[in-house]
Amino acid sequence: MYLNCHSYYSLRYGTIKPEQLLAIAAKNGYKTLALTDINSTSACLDFARLSEQYDVKPVLGIDFRNGAQQQFILLAKNNKGFQNINRYLSQFLHDNRLEIPEKAPVLDGVFTVYPYRNQRVFHLEDHEFLGIKPEDLNALKFSQWKHLRDKLVVLQTVSFESKKDFNTHRLLRAIANNTLLSKLPKSEEGKANHCMLPYKTLYKTYSEFPELLENTAALLKSCHINFDFSKETPNNQKSYTESESSDYQLLKKLTYEGIPYRYDNPDEAVYNRIKKELEVIKKKAFVSYFLINWKILDYARNKGYFYVGRGSGANSIVAYLLRITDVDPIELDLYFERFINLYRKNPPDFDIDFSWKDRDDITRFIFENFKNTALLAVYNTFKFKASVRELGKVFGLPKAEIDRLTKRRYQEKDLDKLSKLVLVYSKYIQGFPNYLGIHASGIIISEKPIHYYTATFLPPKDYATTQFDMITAEDIGLYKFDILSQRGLGKIKEAVEIIAYNHPEKPPVDIHDIKKFKQDEKIKDLLRNAKAIGCFYVESPAMRMLLKKLQVDNYLSLVAASSIIRPGVARSGMMREFILRHRYPERRKTAHPVLLHIMPETYGVMVYQEDVIKVAHYYGGLSLAEADILRRGMSGKLRSKKAFLSVKQQFFHNCMQKGEPEVVIHQIWNQIESFAGYAFAKGHSASYAVESYQSLFLKAYYPLEYMVATINNFGGFYQTEFYVHEARMHGATIEAPCVNTSFNEAYIQGKTIYLGFMFLHALEQNTIKMLLAERTKHGVFKSLDDFIERLPISIEQISILIKINAFRFTGVNKRELLWEAHLKIKKTPTENTTIALFTTEKVQYTIPKLSSSLLENAFEELELLGFPLCHPFELLETPSNPVWLASDLMNFTGKIVTVEGYLVTTKYSVTKNKKVMYFGTFLDRKGHFLDTVHFPPIASKFPFRGKGVYTITGKVLNEFDCINIEVISMVKCGIIQDPRYAETKNTIAASC
């Protein structure tokens, strides 16, 4: 009886979850229900999937509206009709300049329902009906439409479950209209009675016009929609070639052709693994998925793009031979069943990382070469801060009060009525979808047109994007292609290019010679001593410390380290246990014998996601399908807890049946539970380790070039300043930007690094482009006059260049140049300049002799670059006393010391008691790292106060040869007054 039902995917309008809508229908005795969200199909497939559980037949459609103004409702008679509705809606979602018309087009397989309006009269076709709301019934008695009852249907809209929901709806509408609740127009609201009425109430309401009920029932009865949610058959593009059989022959051919590239002397294990994988891939109908990935990456290699194939896809030898990944699953004994097995229903995916500079071209290639392609959406939901902030504005709270509420800096008893209402209603809308975004990497390539499943919208990337997310895509057998971007690959690629121009005499670098890198002693030394700044994920403070504790100097240890650093392993206490067993072999005997047998390489400690499957399978007696449900449930990838809890019970039952001690069962379960949602697949860790080895090789042999590439790709874990520092530590001379030498990015000549113009805050991109184009075309600039004549530049922009000393080649002090520029440049620059045949002599002004100090330069660098090029300790107000350095601390284990450190970064953590503690990373006067621990009482008493040098007193801790300072007190050191503004009688430092 309901043709117009909204879920909360009618964004900022509806208030009911899709499943809740079905539950309400079942409760009220309805066997058929139409979901017609406003300009959205986000909930349609989920609604259809869930409907069977409630014994409700789903009908799908869309409520087409301009804002809150309803134009018509389209209902799908069948799947073809749903596709046509999706295609029609997508026109408007792709071009927001278009308005939805009053009259709907004729679409095959579609019913149209128009809302009744007194003033509107037009002929209705066979597929068209007029919807009569309860409030329209009196008017209908006096309308000509009462004589055409066969074209009339019930139109009781359902947007809310209760009055409370209507209040929530009004708040959502105020948010959508960016207005105060008190100023929200009635035309922008629904009606408070837009709730689902029990059948008897509805029947009574329309008792004078029983034909409307009959017509509505007949219309719903003639609608039939069907989607397969069994996941038995993938719905991705079925064949890469002309048929599935030729696909398999091509995959087999490419696999065997790839053997010589990967293996010099392949043994029986290689051929057995290939045979096994090809059979499973064929049976699971994943052949085209492999071939499409191969095609994408073949294009990438031809373009010279660097990429990393990671995730559980690295567990496949077929992927390795097709060069989708660079991880050898035979060498690492990777578990193929983690990626694909005959019992796994959820589809696998490859995660392919590209340089952030290359990813857009890869996306373009995919959309141009594969027919039914779309990006995947994500649902951005109202979180606590967003809901409080939006509702605070709706209720008219002042900004200060809103800030106080979002930061939870209040006592509830002190709040006024409005603030309390904001907090109450914020709980109602938390978790509601707010707007659709784009999945970070997901692309689907479907056999059927994308509109068969969903309408699409067009975000700024200008690629069609689904209205559903990756979980719904999986539900209907569409497995995604993950095309990600990361800066690490950009660093590697650019470093190779920089080495080529800075060392033209040397042979080209083979960055893919991973086998050689694994044996390289210089790389091993960097790993052992954690000298890995700039080297992908191994540069973080936590990873540096772990490398030292484990004394990592080989590939397998690095693979393990990249997974045990994850939160779950540490939380379970097994990271510490792993370190102990790694360093003290005798301790390995304490491992459970079954676990040690399953995971000898990691000493019986679960480190990888595969370990969950193995332990659940071999120790817990679960099937591979059940074990994968366990892994997915702990990773938050299951919709329902029911299946997970069932498998959990089976795990305990099987272990008890085998006679395993209950205490041990619980210990092992706790290990599984604590880290399964965080741990990496082993192949994923191995892929990252390969990229780390490439970075480590460049750092070991070409540290300056690699740091330039790191700086140009906007670093990694740290800010640009610390990669500049690292370059200096390796012997580089760092120069500020220069108009005659620098480029947009940093540039190296020998051992001198010129910072790029892009690092200058407020220097406009257009200025940089003009400067570089003019210099390329007509040569270097001879003087400030020459620069001004050749470039149309504002006084504000040239002042930035002068202040950073970019005209130092002139030999004139920058203070004098600033005076000169102000005298010679108009306030409004001309659009362009032309080179005159004869240059007229410039008027020369007599400029007083001026000077600037080294310290003034430092403060200008701080302002324009964000950091000084001098040593930060030189800016201290009081020269530091001789204190201990990082290199001294090993000799003071357990002692109280005082050190000085320049703050690099901080990381906060929450203790079991919900109190905040911090970890700090500093540089000492010699440029070496100091690591600190700030427990909650100290963290609150001696907080971090931003960038600068701190005097730190604390106890030296030595854990597995890794030094930390447990802070007792910490004070930020004062710096000198900015000499540009200080009134001093004497020059602070020697003139430049």
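Residues numbered from 1 in each chain as written. Predicted model: local features only at pLDDT ≥ 70, side-chain atom pairs only at ≥ 80, totals over all residues. Heavy atoms only, no water.

1. Here's the deal with the overall build of the protein
Piece 1. When its secondary structure is counted, the protein shows 38 helices and 21 strands.
Piece 2. For 992 residues, the compact-globule estimate of 2.2 N^0.38 gives 30 Å, and the C-alpha radius of gyration of the protein, at 34 Å, lies within 12% of that figure.
Piece 3. Referenced to the eigenvectors of the C-alpha coordinate spread, the extents of the protein come out at roughly 100 × 80 × 65 Å.
Piece 4. Of all 992 residues assigned to the protein, the portion counted as buried reaches 57%.
Piece 5. Once local pairs closer than 6 in sequence are excluded, the contacts in the protein between residues at least 24 apart make up 69%.
Piece 6. Carbon and sulfur atoms form 52% of the exposed surface of the protein, whose accessible area is close to 44700 Å².
Piece 7. The protein carries 131 positive and 110 negative side-chain charges, and their two centres are separated by 5 Å. (Helix = DSSP H or I, 4+ residues; strand = E, 2+ residues; numbered from the N terminus. Rg over C-alpha atoms; globule rule 2.2 N^0.38 Å. Buried < 20%, exposed > 50% of the residue type's maximum accessible area, 1.4 Å probe, protein only. Contact = heavy atoms within 4.5 Å. Areas by Shrake-Rupley, 256 points an atom, 1.4 Å probe, with all protein chains shown as cover. Lys, Arg positive; Asp, Glu negative; His and termini not counted. Charge placed at Lys NZ, Arg CZ, Asp CG, Glu CD.)

2. Concerning the nonpolar core
Piece 1. Of all hydrophobic cores here, the largest spans 112 residues; its most connected members are L558, F787, I798 and L801.
Piece 2. No other element matches the nine residues that helix α30 (residues 682-701) contributes to this core.
Piece 3. Dropping the residues within four chain positions of it, F787 is found in contact with V739, L771, F781, I793, I798, L801 and F807.
Piece 4. Judged by nonpolar contacts, the second largest core, of 89 residues, contains F92, Y116, F382 and Y425. (Core = buried A, V, L, I, M, F, W, Y, C linked by side-chain atoms within 4.5 Å.)

3. As for the packing of aromatic side chains
Piece 1. Enumeration according to the criterion identifies 57 aromatic pairs in this entry.
Piece 2. With a centroid separation of 5.2 Å and 35 degrees between ring planes, the pair formed by F64 and F72 is classed as tilted.
Piece 3. Exposure remark for F72: the relative accessible area of 0% places this residue in the buried category.
Piece 4. Note on W884 and F892: the rings are 4.6 Å apart at their centroids and 40 degrees apart in plane angle, and the pair reads as tilted.
Piece 5. For W884, a relative accessible area of 40% gives the class partly exposed.
Piece 6. A network of ring pairs unites the aromatic residues F286, Y289, F290, F350, Y479 and F481 as a single cluster.
Piece 7. Across from the ring centre of F111, 4.7 Å away, lies the NZ or CZ of K77, which sits over that ring.
Piece 8. Positioned above the aromatic ring of F129 is the side chain of K151, whose terminal nitrogen or guanidinium carbon lies 4.7 Å from the ring centre. (Phe/Tyr/Trp six-rings, centres within 6.5 Å; stacked < 30°, edge-to-face > 60°. Lys NZ or Arg CZ within 6 Å of the ring centre and 35° of its normal.)

4. A few points about the sheet that holds strand β3 (residues 69-76)
Piece 1. With mixed pairing, six strands are arranged side by side in an open sheet as β1-β2-β3-β4-β5-β6. Here the strands that pair on one side only, and so sit at the sheet edges, are β1 (32-38) and β6 (152-154). Ignoring strand direction, the axes of neighbouring strands in this sheet form an average angle of 35 degrees.
Piece 2. Sheet topology note: the strand β2 (residues 57-66)/β3 ladder contains six bridges and is antiparallel. Bridge pairing in β3 links F64 to F72.
Piece 3. Each of β1 and β2 touches helix α2 (residues 44-51); the most contacted strand, β2, lies at about 160 degrees to it. (Pairing = 2+ DSSP bridges. Axes fitted to C-alpha atoms, helices over the stretch in contact; angles between N-to-C directions.)

5. Observations regarding the side chain of S557
Piece 1. By the secondary structure assignment, S557 is in helix α22 (residues 555-564).
Piece 2. In contact with S557, not counting residues within four places along its chain, are V552 and H582.

6. Re the sheet that holds strand β14 (residues 733-735)
Piece 1. Across the sheet, three strands lie side by side as β14-β16-β15; this open sheet has mixed pairing. Lying at the two open borders of the sheet, with one neighbouring strand each, are β14 and β15 (747-749). Here the average twist between neighbouring strands, direction ignored, is 25 degrees.
Piece 2. Bridge count between β15 and strand β16 (residues 752-754): three bridges; the pairing is antiparallel.

7. Examining the environment of I429
Piece 1. Looking at the secondary structure, you find I429 in helix α16 (residues 417-429).
Piece 2. Judged by relative accessible area, I429 falls into the buried class, the value being 1%.
Piece 3. Along the sequence, I429 and E662 sit 233 residues apart, while their C-alpha atoms lie 43 Å from each other.
Piece 4. Once residues lying within four places of it in the same chain are set aside, the contact partners of I429 are T168, L172, I175, F382, S387 and L391.

8. Considering the packing of helix α21 (residues 541-550) against helix α24 (residues 574-583)
Piece 1. Two elements in contact, α21 and α24, have axes whose closest approach is 9 Å; the angle formed by their N-to-C orientations is 35 degrees. Note on element contacts: α24 touches α21 through M575, F578, I579, H582 and R583, opposite L546, K548, K549 and L550.
Piece 2. Tallied by class, residues from the contact of α21 with α24 come to five nonpolar, one polar and three charged. (Nonpolar A, V, L, I, M, F, W, Y, C, P; charged D, E, K, R; others polar.)

9. Quick word on the side chain of Q694
Piece 1. Counting through the fold element by element, Q694 comes out in helix α30.
Piece 2. Here Q694 is in contact with I492, I511, H512, I514 and F517, once residues within four sequence places are set aside.

10. Remarks on unusual backbone geometry
Piece 1. Of note, D333 is a non-glycine position whose phi angle comes to about 55 degrees, a positive value.
Piece 2. Along the chain, the position of D333 falls in the loop between α12 (317-321) and β8 (351-355).
Piece 3. Take D333: its relative accessible area is 55%, and that puts it in the exposed class.
Piece 4. Of note in the backbone geometry, A530 takes a positive phi value of approximately 55 degrees without being a glycine.
Piece 5. Within the fold, A530 resides in the loop between α20 (521-528) and α21.

11. Some details on a nonpolar patch on the surface
Piece 1. On the surface, Y908, V910 and V916 cluster together into a nonpolar patch covering about 280 Å² of accessible area.
Piece 2. Looking at Y908, the relative accessible area reads 54%, which means it is exposed. (Patch = residues over 30% accessible without salt bridge, like charges linked within 9 Å, V, L, I, M, F, W, Y side chains within 5 Å. Salt bridge = Lys/Arg side-chain N within 4 Å of Asp/Glu carboxyl O.)

12. What to know about the pattern of salt bridges
Piece 1. Evaluation of the coordinates by the stated rule reveals 48 salt bridges.
Piece 2. We note a salt bridge from E188 to R173, for which the minimum N-O separation is 2.8 Å. Placement of the pair is E188 in the loop between α5 (163-177) and α6 (199-205) and R173 in helix α5, with a sequence separation of 15 residues. An identical accessibility class is assigned to E188 and R173; each is buried.
Piece 3. A salt bridge links D358 to K493, with the shortest nitrogen-to-oxygen separation between them at 3.5 Å.

13. A short note on the pairing of strand β19 (residues 929-934)
Piece 1. Within β19, five of the six residues are buried, which leaves the element mostly enclosed by the surrounding structure.
Piece 2. Sheet topology note: the strand β18 (residues 916-923)/β19 ladder contains six bridges and is antiparallel. Across the sheet, residue T921 finds its bridge partner in β19, namely D931.
Piece 3. Taken together, β18 and the strand that follows it, β19, pair antiparallel across an intervening segment of five residues, in which G927 is found at a positive phi of about 90 degrees.
Piece 4. The pairing of β19 with strand β21 (residues 962-972) spans two bridges and is parallel. Bridge assignment links V933 to a residue of β21, and that residue is E966.

14. Description of the pairing of strand β5 (residues 128-132)
Piece 1. Among the five residues of β5, five are classified as buried, and the element is accordingly described as predominantly covered.
Piece 2. Side chains E128, L130 and I132 of β5 all project onto a buried face; the interleaved residues F129 and G131 project onto the opposite face, where all are buried too.
Piece 3. Looking at chain direction, strand β4 (residues 110-115) and β5 are connected through four bridges and run parallel. Within the sheet, the bridge partner assigned to V113 lies in β5 and is F129.
Piece 4. Strand direction decides the pairing type here: β5 and β6, joined by three bridges, are parallel. When the bridges of β6 are listed, L130 appears paired with L152.

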